[in-house]
Amino acid sequence: MTEQALYHTEVENTDGLIGHVKTITSHDLDVVTSGPLSDQAGTNPEQLLAASFSTCLNATIEAEEKRRQLTHQSIVRVAIDMIRDTEGFQFIVHVQVKIPHVSAQEAEEILSIAERRCPVSKLLMGNDNVSISLVDSLN
């Protein structure tokens with residue numbers, strides 16, 4: 001059974017690391033790209049992944065806050081380290097989530113639900129290089 005897509009986009013990179021990435025299904029995204037170790041101006045893959053993960057997870061938390069009739073106050077911060085491995089590079093992803101306006105127990109419940117519902121979280125779930133922590137303050 002094939003599910004009906006609620007949204008579809010296609011993004012294309014023709015230049016490699018130094019260049020740009022753009023949507024080909026619309027004209028609303030055209031980003032100059034560069035490497036994290038390059039002096040060239042541009043957004044790197046680590047920043048794009050962090051932006052995607054933080055936005056998706058916080059939007060999912062926001063939906064759960066709304067379902068509980070809470071104001072949206074959560075903050076999601078994603079830090080990504082690029083390290084060398086035996087075959088090239090890999091990312092280490094650290095996610096900090098702050099939900100300041102509820103008890104610790106309710107914050108844990110909200111985060112647990114969001115982790116299971118967030119599409120980006122689902123993609124990365126089970127990866128040893130990804131950690132998600134509920135925090136009282138961001139560091």
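Refer to the structure above for everything that follows.
Predicted model, so just to flag it, every value in this text is computed and none were measured. (Residues numbered from 1 in each chain as written. Predicted model: local features only at pLDDT ≥ 70, side-chain atom pairs only at ≥ 80, totals over all residues. Heavy atoms only, no water.)

Topologically, valine 102 is positioned in the loop between β5 (88-98) and α2 (104-117). Residue class for valine 102 comes out buried when judged on its relative accessible area of 14%. Residues valine 102 and glutamine 73, 29 residues apart in the sequence, show an inter-C-alpha distance of 9.7 Å. (Helix = DSSP H or I, 4+ residues; strand = E, 2+ residues; numbered from the N terminus. Buried < 20%, exposed > 50% of the residue type's maximum accessible area, 1.4 Å probe, protein only.)

This part takes up the sheet that holds strand β1 (residues 11-13). Pairing within the open sheet is antiparallel, and its three strands lie in the order β1-β2-β3. Pairing within the sheet leaves two strands with one partner each, and these edge strands are β1 and β3 (30-33). Recorded for the sheet is a direction-independent mean angle of 20° between the axes of neighbouring strands. Pairing between strand β2 (residues 19-23) and β3: four bridges, direction antiparallel. Residue pairing for β3: glycine 19 is matched across the bridge by threonine 33. (Pairing = 2+ DSSP bridges. Axes fitted to C-alpha atoms, helices over the stretch in contact; angles between N-to-C directions.)

Another aspect to go through is the sheet that holds strand β6 (residues 130-134). What the three strands build is an open sheet, ordered β4-β5-β6; its pairing is mixed. Taken across any chain shown, the strands that pair with only one partner, and hence form the sheet edges, are β4 (75-85) and β6. For this sheet, the mean angle separating the axes of adjacent strands, direction not counted, is 15°. Relative to β6, β5 runs parallel, the two being bridged by five bridges. Paired with valine 97 across the two strands is leucine 134, which belongs to β6.

Looking now at unusual backbone geometry. Of note in this structure, glutamine 69 is not a glycine but carries a positive phi near 60°. Considering the arrangement of structural elements, one finds glutamine 69 in the loop between α1 (45-67) and β4.

Note that glutamate 65 resides in helix α1. For the buried glutamate 65, no salt bridge is present, and the opposite-charge side chain at shortest range is arginine 68, 8.9 Å distant. For glutamate 65, the residues in contact, after removing those within four places along its chain, are Leu70, Thr71, His72, Gln73, Ser74, Ile99 and His101. (Lys, Arg positive; Asp, Glu negative; His and termini not counted. Salt bridge = Lys/Arg side-chain N within 4 Å of Asp/Glu carboxyl O. Contact = heavy atoms within 4.5 Å.)

Mapped onto the elements, asparagine 58 comes out in helix α1. The residues contacting asparagine 58, other than those within four sequence positions of it, are His72, Ser74, Ile75 and Val76.

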